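# Examining the three-dimensional arrangement
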Amino acid sequence: MLTRRSFLNAGVQGIGTVALSALLSKDLFAAKPDALGALPGLPHFAPKAKRVICLWQGGGPSHVDLFDQKPTLAKEAGKDIPAGIRGDTRLSSMSSGYAKWPAVPAIKPFARHGQCGRELSTLIPHIGSIADEICVVRSMNTEAVNHAPGVTFFMTGSQIPGRPAVGAWLSYGLGTMNEDLPAYVVMTSSDKTKTCGQLFFEHYWSNGFLPGKHQGVRFRGVGEPVPYVGNPAGVDRAARRTMLDDLQALNREHYAAAGDPEIDTRISQYEMAFRMQASVPDLLDFRNEPKAVLEMYGPDVLTPGSFANNCLIARRLAERGVRFTQLMHAGWDQHNNLFTQLELQCRDTDQPSAALVKDLKQRGLLDDTLVIWGGEFGRTPFGQNQQGQGYKGRDHFGRAYSWWLAGGGVKKGHVYGETDDFGWNVVKDSVHIHDMQATLLHLCGINHEALTFRYQGRQFRLTDVHGKLVRGLVA
Amino acid sequence: MPHPGSPLPLLATLCVGAATLSAESPTPVDFNTEVRPILSENCFYCHGPDANKRKAKLRLDVRADALAKKAFVPGDPATSELIKRLASKDPEEVMPPPDAHRTVTPAQRETLRRWIAEGAAYQEHWAFVTPVRPPLPPNGEKNPIDAFVVAKLAAARLTLSPEAPRATLLRRVTLDLTGLPPTPAETAAFLADDSADAYEKQVDRLLASPRYGERMVLPWLDAARYADSNGFQQDGDTFQWVWRDWLVRQLNADLPFDRLSTEMLAGDLLPDATPEQRLATAFNRNHILNGEGGNIAEEQRFVSLFDRVDTTATTWLGMTMACAQCHDHKYDPLTQKDYYGWLDAFNHAPERGVPGGGPSRFRLDQPLLEYPSPAQAAQLAKLQADFDARNRDLPALQNQAYAAWLAKPAKDRGMTPKELEPLLAPDRKRTAAEEKQLRAHYNKNVFPEDRKRLPALQALDAAKAAVDKFKTTADWPRVMVMSDATARDTHVLDRGAYLSKKEKVTFATPAFLPPLPADAPRNRLGLARWLFRPEHPLTARVQVNRQWQLFFGKGIVRTSEDLGVQSEQPTHRELLDWLAVEFREGGWKTKSLQRLIVTSRTYRQSSQVTPAGLKQDPENKLLGRSPRLRLPSLLLRDVALAASGLLTEKLGGAPVYPYMPPAPWESLAITKERDFTYPTSQGPDLYRRSLYTFWRRTIAPVNLFDTSARQACRVRISTTSSPLHALTMLNDPTWVEASRALAQRVWSAGDDARRLAQAYQLVLGRAPTGREPALLADLLAHQRAIYAADPKAAAALLAHGASPRDPAIPATEHAALTAACLALFNLDAAITRD
């Protein structure tokens, strides 16, 4: 096991305050058995959410088609969106040179859902079925005009790769609740016909300048879920155990000679690795999942690498105390195929997303699990005429777009923020990316200004020098 | 009690309680080590160099300004506002304000009180003052490093540890200088050498090894955010590896650091720059490039510019310039104007800011340097010579063709302009002018057709096409390099936004540092010259500190990326200054500096940790023992390859694709724009050193763990451990195959004990001692029992990897020994540099 002495060594990471923090937090373990390795003083206050599941919708889901109904777009269909509305909005170079800005109405009707009467697209009936559980935010906004900078911005607080991702910050600040699994897990999926083309880069789950162990661990949809988690062919679990026992005996012998407590840490790392080799397969063994539960997540639930499969794994990770689960789905980049692809995307993601929320709720996990659903931006209220092929899609649009949140201390059956009649400008209760990050940390019991890491002579934090807690979202 | 500046106050402050410390301390408070850190951390954010954010117009970083605003009264802490505010219970009055989330401890308040009582003297930040060579402590140590280290230890009543056992020492220095373990023969030779300079001879041998450059390039690759692809969508491959090979060659040749740096920063601007010097500037182009559709090229170009500023400032100044991108620096005296003056040096490349498209897997942005390999250059020269030879005959061939045309009957001559027809009449005597006219017609209108028909001319054209085609093959290296060919104005950007241009600036170096030499060009070359002027306070210190970090795991200033006001106090400031002056005055010779370090008693001492040593100096800041360092994962793989005998010792070349888990780039394969199948190498390329593994910037090599992500400049070494590292070294085919090969390598040793001892020697560089042989025997016996009972498992274990297995070795025995060797690679002592 980790010993108090293990932390008083010069071999690993920055000692000094860091080691002393670790040492101090060690003493809190007895009082708080559900968090190992938290920084002293963290959480700053009682958290509403103990864990977070981020259902990332990469590519940029169209807010005006799904969450933010705009009758004006229908009324003014085909006419240019007025210059007074458009202002000097920075658009991608695919559409910034356009001479025409024809309003394109939502491609499918909206309907009211739940007791709260939330208006949502008929394309997402399952999300409609949890309308009373979720808080729709219609006033998200970002400066990013392109995918990777936009994703990087929410994940790390900067559009340029290199800083720690939010999951790494949570692992660093709050520690882990289950040492046999990584504290920060990432899973990816994409639309079946691969029309979206959004890729998944490691810097979306980077530890940045935080210690490497806080990096997100990506569970893969092909091959082994975690690289090298399985023994090589020719080595079974008993053989590995035997080998580890002899390995550890040699390590202990070396410890007697070298005296370095770090050797103790190494021994415990190898034991944790051995346990992880059992806990990962157990995590992915669905044999005991009731049929009704599997059906909730829809027909793809048993297809590895599908969004539905990942949603089910996310629930199982939540049960096992994984701090931050980041599902990344790519499928929403409809520049020239809005009328065909949007519906397919909704079909793949709508049911599993809603099922996850319902499943967490029926297990009593929703109250302290925060679920976030959204992408890097929305889509232009005007039509995109890509390569002169006609108005078949919408371009990237960061000035206003929609997300939804559920559980973990968020208001239920609520809507927050408002855009103008064209879905172009936020007119009420703006939620900038940094504000959302501040709010996420707050729900986890963290003051976003006080979770910092000294690097390059300055105190870095997820929200850079920005971010305001959005109290209106918090229950 | 330790004297100020020793590393112990922090610990004392936290663990003992500092009131006692300060009350009894006999020496005056030192501004640099004791006061500025408190002011900087807690006050400068609002009362520091940044004029825009300054509150109450008070700045505390300049004494006269602080006095003018009556922040304190020298000699009278009781009436000093600073002291009153720090102690105030009123939330409106107290400093720092509650929402700053900063706390000044009672001990720190006491330090400030004493400092004011003693007159509140200021000092310039030590790292911003030109280093002068301090006198050596008179303790008889021969190596100046030891003189300084021993003096500090003695002040704490400590001593250096005894010298490490010789085998351990040889493994340490061999790994540190070459990244590979010593061979048993090298160890035996060293153990047998009883000459006085036996160790120094080993050091010189290692410094001269070609493997040296392959080791020393690793920290440079992290600093240069080197990768073999751009990053982002499409993640186009690049040819920047040609630069990597250049750097390995220069490190092996010990090109002095000033020249190395000048060529990397501005080789293209040197008089009569050679292709190699232009190649050196690829350092500035190793950054990420975003090729996403719809992105704004100029915005991306500024992302690259900002990156170049950060990278060069971190690498050579040890300063965080990025802070001044949006506003004046909060802590260091660096203005926003300084930032953009520096940026101007990098703002003149004829680049777009985004890579080009096209069907090739390579995606590059101008300017490019064609840099063929010697083999390619030779092949091109051959093709060119063939063409040249044929081309010499062109005039004669053309004359022949012309004559033949003239001789043709009119109907076969093709369309001839009316006015020329008379000239072609038989027996017509043509004037020189007429002849010229006729020849011009032929050359323009007829010859191109003849050219396609006539065999000699066809061959000539084919030779030309072969030259052109060879230069446009996909693997013809085109390296992204620097150039100042484009005139552009540089502006201060409001809040760092590329569209918000403010005042125009031209190249300048930061005003608070020594001025640019009057005769220096105002460009990157001038920047390089400025860095190496003798009075520069930072360049030598920053580099020496990083060299120290390489051998001790941590720098003398542990924040090796930042020597500014917010940096950690140096553990041995005088030693750092002495080494910096020595490095500069000695001609910036890296190998000389490293030789001085690794031959010191400080370096050569034992790494054994004793309970007393751990208690007295838990972080080993005084260096009373050698640090034990976990090897970087790139070297752990190299050690496995070397010990097993699989290593391919080829120097340089295009990146290779060793074993990875299935479909490592599968998450990129969504794009239809290119194929992201991992092209696993065959044969010897599977066993090249890790530095040659293709580094995809978006998905780093999966089995190289705990590395810099190569997204941004990284110069600090930071090591962590995770169970995933253990899983990699236990289960990756790289290590399993290396174990099988190691077992095969030692099979001929005779019996179990000899085989195990030899394998142990190959991996750990020493013979097993004490209970180790018995424990190794247990290890093997247990594995033998497992595989004797399960021949299928034995066969499966032996099937990993592409290298051939010697069928003469019984499978059960081979499998058992393989499993034992896998355990050896995973020993803490193998993973660690003792």
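Residues numbered from 1 in each chain as written. Chains lettered and ligands numbered in written order. Predicted model: local features only at pLDDT ≥ 70, side-chain atom pairs only at ≥ 80, totals over all residues.

## Observations concerning the overall build of chain A
Definition in use: Helix and strand assignments follow DSSP, with helices taken as H or I runs no shorter than four residues and strands as E runs no shorter than two, numbered in order from the N terminus. Here the globule rule is a power law, 2.2 Å times the number of residues to the power 0.38, and the radius of gyration is based on C-alpha atoms. Exposure in this text rests on C-beta crowding, where 20 or more other C-beta atoms within 10 Å of a residue's own make it buried, 12 or fewer make it exposed, and counts in between make it partly exposed. The C-beta atoms are placed from the backbone. Each residue is represented by a C-beta atom placed from its backbone, and any two residues with such atoms within 7 Å are regarded as in contact.
Per the secondary structure count, chain A includes 13 helices and 17 strands. Taking 23 Å as the expected radius of gyration for a compact globule of 475 residues, we find that chain A reaches 24 Å, a close match to that expectation. Structurally, chain A occupies a C-alpha span of about 80 × 50 × 45 Å along its principal axes. Relative to its full complement of 475 residues, chain A shows a buried share of 61%. Here the contacts in chain A between residues at least 6 apart in sequence split such that 75% fall between residues at least 24 apart.

## Thoughts on the overall build of chain B
Within chain B one finds 35 helices and six strands. Per-residue burial for chain B yields a buried fraction of 50% across its 834 residues. For chain B, contacts bridging at least 24 residues in sequence account for 69% of all contacts bridging at least 6.

## Concerning the interface of chain A and chain B
Defined as follows: When residues are grouped by polarity, Ala, Val, Leu, Ile, Met, Phe, Trp, Tyr, Cys and Pro land in nonpolar, Asp, Glu, Lys and Arg in charged, and all others, Gly among them, in polar.
Each partner contributes residues to the interface: chain A has 76 residues there, and chain B has 89 residues. It is helix H8 (residues 237-258) of chain A that contributes the most residues to the side of chain A that touches chain B, 11 residues altogether. Its residues placed into classes, the side of chain A that touches chain B shows 36 nonpolar, 28 polar and 12 charged.

## Quick word on unusual backbone geometry
All names here are of chain B. Of note, the bond from Met-95 into Pro-96 is cis; its omega dihedral lies within 30 degrees of zero at -10 degrees. With respect to the helices, strands and loops of the structure, Pro-96 is situated in the loop between helix H6 (81-87) and helix H7 (106-117). The residue after Gln-366, namely Pro-367, is reached through a cis peptide bond having omega -10 degrees. By secondary structure assignment, the location of Pro-367 is in the loop between helix H17 (336-343) and strand E1 (368-370). Although it is not a glycine, Trp-588 sits at a positive phi angle of roughly 60 degrees. For Trp-588, a count of 21 C-beta atoms within 10 Å corresponds to the buried category. Positive phi, close to 65 degrees, is recorded for Leu-623, a residue that is not glycine. Position of Leu-623 relative to the elements: it lies in the loop between helix H27 (611-616) and strand E5 (629-630).

## Description of the pairing of strand E7 (residues 324-330) of chain A
Residue and element names in this part refer to chain A. Our working rule: When DSSP finds two or more bridges between a pair of strands, those strands are recorded as paired.
In terms of burial, E7 is largely enclosed, as seven of its seven residues are buried. Of the two faces of E7, both are covered, the one formed by Phe-324, Gln-326, Met-328 and Ala-330 as well as the one formed by Thr-325, Leu-327 and His-329. Examined bridge by bridge, strand E1 (residues 51-58) and E7 share seven bridges and lie parallel to one another. Within E7, the residue paired with Val-52 across the bridge is Phe-324.

## Here we look at the packing of helix H33 (residues 791-798) of chain B against helix H34 (residues 811-825) of chain B
All names here are of chain B. The condition is simple: Lines are fitted to the C-alpha atoms to define the axes, a helix being fitted only along its stretch in contact, and any angle between axes, read from their N-to-C directions, falls within 0 to 180 degrees. Oblique is the label for any angle not under 35 degrees, not over 145, and not in the 65 to 115 range, which are roughly parallel, roughly antiparallel and roughly perpendicular in turn. Less than a right angle of anticlockwise turn of the near helix away from the far helix marks a crossing as left-handed, whereas a clockwise turn marks it as right-handed.
Interhelical geometry of H33 versus H34 gives an angle of 60 degrees and a closest axis separation of 9 Å. Taken together, H33 and H34 sit at an angle that is classed as oblique. Between H33 and H34 lies a crossing whose hand is left-handed. Where H33 approaches H34, its residues Pro-791, Ala-794, Ala-795, Leu-797 and Leu-798 are matched on the opposing element by Ala-811, Thr-812, His-814, Ala-815, Thr-818 and Ala-819. For the contact of H33 with H34, the residue count by class is eight nonpolar, three polar and no charged.

## Here we look at helix H22 (residues 524-531) of chain B
Each α-helix turn comprises 3.6 residues. Residues three or four places apart therefore point the same way. Residues and elements named next belong to chain B. Counting buried residues along H22, six of its eight residues qualify, which places the element largely inside the surrounding structure. Every buried residue of H22 is listed here: Arg-524, Leu-525, Gly-526, Leu-527, Ala-528 and Leu-531. Buried residues belonging to H22 abut helix H14 (257-266), helix H16 (297-317) and helix H23 (539-552).

## Focus: the confidence of the model for chain B
Residue and element names in this part refer to chain B. Keep this limit in mind: pLDDT expresses how confident the predictor is about each individual residue, on a scale running from 0 to 100.
For chain B, per-residue confidence averages 91 on the pLDDT scale, and residues scoring 70 or more make up 97% of the total. Considering only residues more than four positions removed or in separate chains, one finds that residues 1-24, a stretch of pLDDT under 50, has 38 contacts. Scored by ipTM, the complex comes to 0.86, with pTM at 0.85.

## Side note on helix H7 (residues 166-174) of chain A
All names here are of chain A. Within H7, nine of the nine residues are buried, which leaves it mostly tucked inside the rest of the structure. Among the residues of H7, Val-166, Gly-167, Ala-168, Trp-169, Leu-170, Ser-171, Tyr-172, Gly-173 and Leu-174 are the ones counted as buried. As for H7, its buried residues are in contact with E1, helix H6 (147-156), strand E5 (184-190), E7 and helix H13 (433-443). Looking one or two residues past H7, Gly-175 carries a phi angle of roughly 75 degrees, positive in sign.

## Details of the environment of Asp-146 of chain B
Along the chain, Asp-146 of chain B falls in helix H8 (residues 144-155). Asp-146 of chain B sits in the buried class, given 25 other C-beta atoms within 10 Å.

## Side note on the confidence of the model for chain A
Considering every residue of chain A, the mean pLDDT works out to 90; 92% of them sit at 70 or more. When the criterion is pLDDT under 50, residues 1-33 of chain A qualifies, and its contacts beyond four places in sequence or with other chains add up to 56 contacts.

## Regarding the environment of Gly-587 of chain B
Within the element layout of this structure, Gly-587 of chain B appears in the loop between helix H24 (573-585) and helix H25 (590-598). Note: C-alpha distance between Gly-587 of chain B and Asp-258 of chain B (329 residues apart in sequence) is 8.1 Å.

## Things to note about the packing of helix H9 (residues 261-283) of chain A against helix H29 (residues 723-731) of chain B
Running from N to C, H9 of chain A and H29 of chain B cross one another at 80 degrees; their axes reach a closest spacing of 8 Å. By the angle between their axes, H9 of chain A is roughly perpendicular relative to H29 of chain B. Across the interface between the two elements, Gln-269, Tyr-270, Met-272, Ala-273 and Met-276 of chain A from H9 of chain A touch Pro-723, Ala-726 and Leu-727 of chain B from H29 of chain B. Looking at the contact of H9 of chain A with H29 of chain B residue by residue, the class counts come to seven nonpolar, one polar and no charged.

## Side note on the environment of Arg-220 of chain A
Residue and element names in this part refer to chain A. Its location among the elements puts Arg-220 in the loop between strand E6 (217-219) and H8. Classification of Arg-220 by C-beta neighbours within 10 Å gives buried; the count is 21. A sequence separation of 112 residues divides Arg-220 from Trp-332, and the C-alpha atoms of the two residues are 21 Å apart.

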